Amino acid sequence: MSQAVPYIPEYITVHLGAPGTDAPNVTVPFIDYIKNVASSEVYPTWEISALRANILAIVSFALNRVYLDYYRSRGYDFDITSTTAYDQRFVNGRSTFDTIDRLVDDLFDDYLRRQGFIEPLAAKFCNGTTVTCDGLSQWGSQALARQGYDSVQILRTYYGDDVEIVQNVPSRELAPSYPGRALRLGDVGPDVARVQYAINRVSQNYPAIPQIPVVDGIFALPTEQAVRSFQTVFSLTSDGIVGPATWYELRRLFVAVTRLAELQSEGIRLDVLEWEYPEVLQEGDTGIRVEQLQFLLEVLSQFIDQIPRVEINGFFDPATKRAVDAFQQWAGLEQTGQVGDVTWNRIYDEYEGVRDVLIAQGELPALPGQFPGTDLTPGSRDGEVT
């Protein structure tokens, strides 16, 4: 359960000891963290291709920890530790090497992933002499570099031929993965879809949690029931609301069952969490995003007489276009019959204004065929590659 696209955090918080120990945290720029770790893990006199391979592994491993909320989902107030028993070596206050600094300046916004996956690779490594592991051998990478291997060949030797480098990743302030507000009956959107996807995967290991029939980003009764079951199984308040405690416990369990923090993991596929809305939804489009639009329009049609009823069928048909036109006219927007950011945001804002009323009255529309035998089915209201 993760944001769709990883980013480079501007800062990273390092715990100067093992998890659970009484040691201080330091928050440093991410680029300085990578320079420190690289200067602590490898020798600046090594071949450039070996240094590049090791730096990319260091960046990717750190981003994996950040992307998965690996420590924060466990209640810690840091992103990574300074010890190689758990993570990678960071020596607070140390000086770094010019050669490594220059390479990190070029590579800190690149990371490794497996082809078709989203998450940064948990690119584990060891020195390859006193300690061996399934990941990259640091001294072995230097030996391969002396044989003429470039950095990509070195990385694929240790991590497999399906490893690729994502380049020029955007940088931004590190933000919690929690969306900032509790998700509940009546919510719609990508955060709901991620909850649904994560619960369905966790339920494969914990059968007492029911599967949600469709991952559609609509927080209806089946999603609420699955959330309640998840909360009961893991001793959380069983209120069917995804607040911070439920969000992070679900995130922790999802990472555990999929082994996303391991070198060999199930991986999160690119087509699963790409829930950003396209620039425009228009007549002829199909799919879950259209279904969500129709759901919102159908709700609003109960309050705004000018909006005709629509069938929730996932197909942007002429009837849906007429409803969009009618909403745009009512809202004073340009009548295009298409749904871009402005129209979508206005539709959702209007929906939020009436959602709680309909939930209380049990009058939100059902999704056809999705919840047989149930009349009340409220819908509830994230680079370049070489």
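Attention here is on the structure that accompanies the text. (Residues numbered from 1 in each chain as written. Predicted model: local features only at pLDDT ≥ 70, side-chain atom pairs only at ≥ 80, totals over all residues. Heavy atoms only, no water.)

Topic: the environment of Ala-143
Defined as follows: Here a strand is any run of E in DSSP of at least two residues, a helix any run of H or I of at least four, and the numbering for each starts at the N terminus. Relative accessibility thresholds used throughout: buried, under 20% of the residue-type maximum; exposed, over 50%; partly exposed, between the two (1.4 Å probe, protein chains only).
Turning to its location among the elements, Ala-143 is positioned in helix H4 (residues 138-146). Residue Ala-143 is classed as partly exposed on the basis of its relative accessible area, which comes to 38%. In this structure the C-alpha to C-alpha distance between Ala-143 and Ile-154, which are 11 residues apart in sequence, comes to 9.8 Å.

What to know about the sheet that holds strand E2 (residues 11-15)
Counted only if it meets this: Pairing between strands is defined by DSSP: at least two bridges between them are needed.
The sheet built from 3 strands is open, its strands ordered E3-E2-E4 with mixed pairing. Looking at strand neighbours, the two that pair on one side only are strand E3 (25-29) and strand E4 (80-81), the edges of this open sheet. In this sheet, E3 lies alongside E2 in antiparallel orientation, the contact comprising 5 bridges. The residue of E3 that forms the bridge with Thr-13 is Thr-27.

Comments concerning the packing of aromatic side chains
Put simply, the test is: Ring pairs shown here join Phe, Tyr and Trp side chains whose ring centres sit within 6.5 Å, with only the six-membered ring taken for Trp; geometry is labelled stacked below 30 degrees between planes, edge-to-face above 60, and tilted in between. Sitting over a ring, as applied to charges here, requires NZ of Lys or CZ of Arg to be within 6 Å of the ring centre and within 35 degrees of the ring normal.
Applying the stated criterion across every chain, the model contains 17 aromatic pairs. Look at Tyr-71 and Phe-78: their rings are 5.2 Å apart centre to centre, the planes differ by 45 degrees, and that puts the pair in the tilted class. For the pair Tyr-71 and Phe-78, a shared accessibility class is recorded, and that class is buried. Among the aromatic residues, ring-to-ring pairing joins Tyr-70, Tyr-71, Tyr-76 and Phe-78 into one connected group. Over the ring of Tyr-70 we find Arg-74, and its NZ or CZ is 4.1 Å from the ring centre. Geometry around Tyr-7 places Arg-172 over its ring, the cationic atom sitting 3.6 Å from the centre.

Remarks on the packing of helix H6 (residues 190-205) against helix H7 (residues 221-233)
Relative orientation and spacing of two packed helices are given, respectively, by the angle between their axes and the distance between those axes. Spelled out, the test is: Helix axes are fitted only over the stretch in contact, all axes being lines through C-alpha atoms; the angle between N-to-C directions runs from 0 to 180 degrees. These descriptions rest on fixed angle ranges, namely under 35 degrees for roughly parallel, over 145 for roughly antiparallel, 65 to 115 for roughly perpendicular, and the rest for oblique. With the far helix as reference, a near helix turned anticlockwise by less than a right angle produces a left-handed crossing, and one turned clockwise produces a right-handed crossing. Residue contacts are counted whenever heavy atoms from the two residues lie within 4.5 Å of one another. Note that Gly is not counted as nonpolar here; it falls among the polar residues with everything else outside the nonpolar set of Ala, Val, Leu, Ile, Met, Phe, Trp, Tyr, Cys and Pro and the charged set of Asp, Glu, Lys and Arg.
Across the interface, H6 lies against H7 with an axial gap of 11 Å and an inter-helix angle of 50 degrees. It follows from the interaxial angle that H6 and H7 lie oblique. For H6 against H7, the interelement crossing comes out left-handed. Here Val-195, Gln-196, Ile-199 and Val-202 of H6 lie close against H7, whose contacting residues are Thr-223, Ala-226, Val-227 and Phe-230. A per-class count over the contact of H6 with H7 returns 6 nonpolar, 2 polar and no charged.

Quick word on the nonpolar core
We apply this condition: Here, nonpolar core means buried Ala, Val, Leu, Ile, Met, Phe, Trp, Tyr and Cys residues that are tied together by side-chain atoms lying within 4.5 Å of each other.
Within the largest apolar cluster, 46 residues are counted, with the highest numbers of intra-cluster contacts made by Ile-12, Phe-30, Tyr-33, Ile-34, Ile-55, Leu-112 and Tyr-159. The element contributing the most residues to this core is helix H2 (residues 48-67), with 12 residues. Once residues lying within four places of it in the same chain are set aside, the contact partners of Ile-55 are Ile-34, Ala-38, Ile-100, Leu-103, Val-104 and Leu-107. Among the nonpolar cores identified, the runner-up in size contains 34 residues, and Ile-118, Leu-221, Trp-247 and Leu-260 belong to it.

Considering the pairing of E2
Working note: regular strand, side chains alternate between the two faces of the sheet. Taking burial as the measure, the 5 residues of E2 include 4 buried ones, the bulk of the element. Inspection of the sheet shows E2 paired to E4 by 2 bridges, in the parallel sense. Directly across from Val-14, in E4, lies its bridge partner Ile-80.

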